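# Survey of secondary and tertiary structure
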Amino acid sequence: MVDNLEELGEFGIIDLFRKSGFPPPEDAWAGIGDDCAVLEGPPGERILVTTDMLLEGVHFLRGGTGPYLLGWKSLAVNLSDLAAMGGRPWAAFLALGLPRDLPVSYLEDFRKGLADCAARYGIPLLGGDTTAARKDAALCLTLLGRVPAGREVYRSGADPGDRILLGRPTGESAAGLALVLDPSIDLPDPDREALLLAHNKPEPQLDLGALLSLGGLATAMIDISDGLLRDLGHICEESQAGARVELEKVPVTPLLARFAAAAKKDPLDPALAGGEDYALLFCVPPQREEEALEAARRDLGIRLHPIGTVTDDPGILLGRNGEWRKPDRTGYTHFRT
Ligand code: ADP
Ligand code: MG
């Protein structure tokens with residue numbers, strides 16, 4: 001047994017709570033290990049629950065991202081977890097740990113960002129908790145959602161042969177973060193602003209999640225918070241499968257390409273390993289791939305990106321020109337970088 005948290009890692013810690021001590025959930029419920037927990041609701045419906053914590057000094061700096069965008073983002077990332085199950089939002093709860101020296105104007109801007117996001121998606125705030133903190137602020141948002149029973153999409157349903165699709169290109173959020181950390185990267189202002197927006201104001205793909213869930217199109221789904229490869233790894237683990245990703249198929253936007261040239265980076269690095277894209281990543285049976293592409297184009301006006309195939313063999317392989325190799329960097333986890 002390891003005795004420090006860094007060695008145990010974020011997922012080791014979660015496993016500690018997942019494996020022991022608590023009574024088992026009821027049959028149709030699903031708990032730890034997916035984007036949301038699933039509970040039986042009124043007849044024909046299931047209830048989804050997700051919660052996310054933002055800590056000062058870990059997820060945000062008081063002098064960094066403005067509090068308005070922080071408020072927006074704290075709800076948007078929870079909405080993205082709902083989208084990843086195919087659900088629709090229902091109600092929110094907010095827990096705050098606030099140090100005495102936090103300016104009221106900071107809290108007021110945070111509230112406005114949160115409320116604007118809630119208004120955009122029609123979500124009431126129904127409760128929470130407020131407490132004083134010693135030094136750093138802690139903001140914890142819990143979101144409830146709903147999905148027709150049986151239409152919820154888990155991480156665990158992928159079958160070998162399924163196609164792997166991306167709901168939109170990834171990497172711009174990581175590029176935005178790189179710009180925050182290194183403002184000397186030479187980019188024109190409009191590009192800089194667009195990348196910062198991708199990082200600070202992510203758009204949850206709720207309509208896409210609902211389209212795939214209601215159409216029974218996706219066998220497995222996740223939203224990309226930890227990076228494309230790492231989150232694909234979560235689908236593979238939960239589905240007891242592996243994946244092959246064709247690098248030529250991984251989309252790189254012109255904006256990301258311009259950033260990569262300016263930062264002297266391979267654009268595939270942020271696209272594959274950068275986090276906080278909040279794009280949906282999902283699997284579709286091969287015979288339904290065309291239908292999924294067409295439904296997204298027709299109903300939502302968006303283009304889906306097929307990037308690979310689910311395999312029997314565990315692990316992820318990356319392919320270029322018919323050659324396959326293991327990825328060397330699979331994304332970011334807390335406690336272990
Ligand atoms: P996401 O990136 O989608 O928010 P996480 O990687 O944070 O998901 O969490 C993975 C799973 O572990 C989720 O099902 C979450 O509810 C669960 N989880 C995380 N932390 C804890 C904890 N301390 N106790 C119980 N379950 C947890
Ligand atoms: Mg998630």
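Residues numbered from 1 in each chain as written. Chains lettered and ligands numbered in written order. Predicted model: local features only at pLDDT ≥ 70, side-chain atom pairs only at ≥ 80, totals over all residues. Heavy atoms only, no water.

### A word on the pattern of salt bridges
Where we set the bar: Whenever a carboxyl oxygen of Asp or Glu lies within 4 Å of a side-chain nitrogen of Lys or Arg, that contact is scored as a salt bridge. Helix numbering and strand numbering both begin at the N terminus, where a helix is a DSSP run of H or I of at least 4 residues and a strand a DSSP run of E of at least 2. Working definition: with a 1.4 Å probe on protein chains only, accessible area under 20% of the residue-type maximum means buried, over 50% means exposed, and in between means partly exposed.
Counting across every chain of the model gives 21 salt bridges. Between glutamate 56 and arginine 62 there is a salt bridge, and its shortest N-O distance comes to 2.8 Å. Taking the shortest distance from any N to any O, the salt bridge between aspartate 101 and arginine 62 comes out at 3.3 Å. Of this pair, aspartate 101 sits in the loop between β3 (88–99) and α3 (104–121) while arginine 62 sits in the loop between β2 (45–55) and α2 (67–83), and the two are 39 residues apart along the sequence. According to the relative accessible area criterion, aspartate 101 is exposed, its value standing at 53%. For arginine 62, a relative accessible area of 25% corresponds to the partly exposed category.

### Quick notes on the domain arrangement of the chain
Spelled out, the test is: Domain start and end points were adopted from an automatic or database domain assignment. Residues are treated as being in contact if the distance between any of their heavy atoms lies within 4.5 Å. Accessible area that two parts lose when put together, with a 1.4 Å probe and added across both, is what the buried area reports. For the purposes of these results, a polar contact is taken to be a pair of N or O atoms within 3.5 Å, where, inside protein, one atom must be able to donate a hydrogen and its partner to accept one; residues adjacent in sequence count only when each atom of the pair is a side-chain atom. When residues are grouped by polarity, Ala, Val, Leu, Ile, Met, Phe, Trp, Tyr, Cys and Pro land in nonpolar, Asp, Glu, Lys and Arg in charged, and all others, Gly among them, in polar.
In terms of domains, the chain is made up of domain 1 (34–148) and domain 2 (163–325). Distance from the C-alpha centre of domain 1 to the C-alpha centre of domain 2: 24 Å. Contacts between domain 1 and domain 2 engage 23 residues on the former and 19 residues on the latter. Taking both partners together, domain 1 and domain 2 bury about 1700 Å²; carbon and sulfur atoms supply 57% of that area. Put simply, domain 1 and domain 2 have three salt bridges between them. Arginine 120 is the salt-bridge partner of glutamate 203, the closest N and O atoms lying 3.0 Å from each other. On inspection of domain 1 and its partner domain 2, the count reaches six residue pairs in polar contact (both at pLDDT 80 or more). At the level of secondary structure, the elements contributing two or more residues to the side of domain 1 that touches domain 2 comprise α2, β3, α3 and β5 (138–148). Split into classes, the residues belonging to the side of domain 1 that touches domain 2 amount to 13 nonpolar, four polar and six charged.

### Observations concerning the site of ligand 1
Test applied: What makes a residue near a molecule or strand is one non-hydrogen atom of that residue sitting within 4 Å of it. The Shrake-Rupley method, run with a 1.4 Å probe sphere, supplies the accessible areas, and residue values consider only the shown protein chains as cover.
By nearness alone, every residue bordering ligand 1 is listed as Phe11, Ile14, Ile32, Gly33, Asp34, Asp35, Asp52, Asp81, Arg155 and Ser225. A distance of 2.7 Å separates an oxygen atom of ligand 1 from a polar atom in the backbone of aspartate 34. Within the contact set of ligand 1, an oxygen atom lies 2.9 Å away from a side-chain nitrogen or oxygen of aspartate 35. Considered on its own, ligand 1 offers 560 Å² of accessible surface; in the complex 65% of this is hidden by protein.

### Considerations on the coordination of the magnesium ion (ligand 2)
Note the threshold: Note that water is not among the atoms considered, so a metal site may appear incomplete; the donors listed are N, O and S atoms within 2.8 Å of the metal, with 3.2 Å applied to Na, K and Ca.
For the magnesium ion (ligand 2), the protein coordination sphere consists of Asp35 (OD), Asp81 (OD) and Asp223 (OD), at 2.0 to 2.1 Å. Sequence positions of the donors to the magnesium ion (ligand 2) reduce to the motif D-x45-D-x141-D. Highlighted residues: aspartate 35 in the loop between α1 (5–19) and β1 (37–40) and aspartate 81 in helix α2, separated in sequence by 46 residues. With relative accessibility at 7%, the residue aspartate 35 sits in the buried group. Look at aspartate 81 and you get buried, because its relative accessible area is 10%.

### With respect to the side chain of aspartate 223
Test applied: Asp and Glu are treated as the negative residues and Lys and Arg as the positive ones, with His and the ends of the chain left uncounted.
On the secondary structure map, aspartate 223 appears in strand β7 (residues 220–223). Lacking a salt bridge, the buried aspartate 223 has arginine 155 as its closest oppositely charged neighbour, with an N-O distance of 5.3 Å.

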